[in-house]
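Read off the chains here:
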Amino acid sequence: MKQGLALMALLILTGLAIAGPTGLLAWSENSQLLEQREAQIAALTDKRDALKNRVELLDPEAADPDLIGELLRHQNVVHPDELVVTLEDE
């Protein structure tokens, strides 16, 4: 009787080690999810670095004039004393 219960417990533990949520079959799925998360982290890190660079370029103490001009043109902000010159295509 005791040997049967011990054998049953051992079989259950073996089944969980193979097919459980942290078993051998879930190992490849977890590895794939880890790779996806690492790729997401790398993409977000690149995006964060780009935004950090843009913030540094927009620092009021030493703003990048090219970036400021680009933003102003993009938002159609024109100073009253500026003159807009359009060039016709030939």
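Reading the values: the criteria
- Here the residue index of a chain counts from 1 through its sequence in written order.
- Residues qualify for local features only when their pLDDT is at least 70, as the model is predicted, and side-chain atom pairs are given and counted only at 80 or more; totals for whole chains, interfaces and linings, by contrast, use all residues.
- Hydrogen atoms and water are omitted, and side-chain values are computed over all heavy atoms in the structure.
- A run of H or I in DSSP becomes a helix once it reaches four residues, and a run of E becomes a strand once it reaches two; helices and strands are each numbered from the N terminus.
- In this description the radius of gyration comes from C-alpha coordinates, and the expected globular size is given by 2.2 Å times residues to the power 0.38.
- Working definition: with a 1.4 Å probe on protein chains only, accessible area under 20% of the residue-type maximum means buried, over 50% means exposed, and in between means partly exposed.
- For every accessible area listed, the method is Shrake-Rupley and the probe measures 1.4 Å; residues are considered covered only by the protein chains on display.
- For the purpose of charge, His is not counted, nor are the chain termini; Lys and Arg are scored as positive and Asp and Glu as negative.
- In plain terms, the charge of a residue is placed at NZ if it is Lys, CZ if Arg, CG if Asp and CD if Glu.
- Any carboxyl oxygen of Asp or Glu that lies within 4 Å of a side-chain nitrogen of Lys or Arg is treated as forming a salt bridge with it.
- For every residue, the predictor assigns a confidence score, pLDDT, that lies between 0 and 100.
- Each patch groups residues whose relative accessible area exceeds 30% and which form no salt bridge, using 9 Å between like charges and 5 Å between nonpolar side chains of Val, Leu, Ile, Met, Phe, Trp and Tyr.

1. So, the overall build of the protein
So, step 1. Helix and strand counts for the protein stand at 3 helices and 0 strands.
So, step 2. Secondary structure of the protein in N-to-C order comes out as α-α-α.
So, step 3. Taken over the C-alpha trace, the protein has a radius of gyration of 31 Å; the compact-globule value for 90 residues is 12 Å, which it surpasses by more than 25%.
So, step 4. With the C-alpha coordinates of the protein rotated into their principal frame, the extents come out at 100 × 40 × 15 Å.
So, step 5. With 90 residues in all, the protein has 6% of them scored as buried.
So, step 6. Here the protein displays about 8,700 Å² of accessible surface, and carbon together with sulfur accounts for 61% of that area.
So, step 7. Measuring between centres, the 7 positive side-chain charges of the protein sit 19 Å from its 16 negative side-chain charges.

2. Topic: the pattern of salt bridges
So, step 1. In the structure shown here, the tally under the stated rule is 1 salt bridge.
So, step 2. Taking the shortest distance from any N to any O, the salt bridge between Arg48 and Asp49 comes out at 3.2 Å.
So, step 3. On the basis of relative accessible area, Arg48 is assigned to the exposed category, the value being 51%.

3. Concerning the confidence of the model for the protein
So, step 1. On average, residues of the protein score 83 in pLDDT, and 97% of them reach the 70 mark or higher.
So, step 2. Considering each helix and strand of the protein separately, the mean pLDDT is smallest for helix α3 (residues 65–74), with a value of 79, and largest for helix α2 (residues 24–57), with 90.

4. Examining the environment of Leu13
So, step 1. As for its placement among the helices and strands, Leu13 is situated in helix α1 (residues 2–19).
So, step 2. Residues Leu13 and Pro60, 47 residues apart in the sequence, show an inter-C-alpha distance of 64 Å.

5. Overview of a nonpolar patch on the surface
So, step 1. Together, Met8, Ile12, Leu13 and Leu16 make up an exposed nonpolar region whose accessible area comes to about 420 Å².
So, step 2. Assignment of secondary structure puts Leu16 in helix α1.

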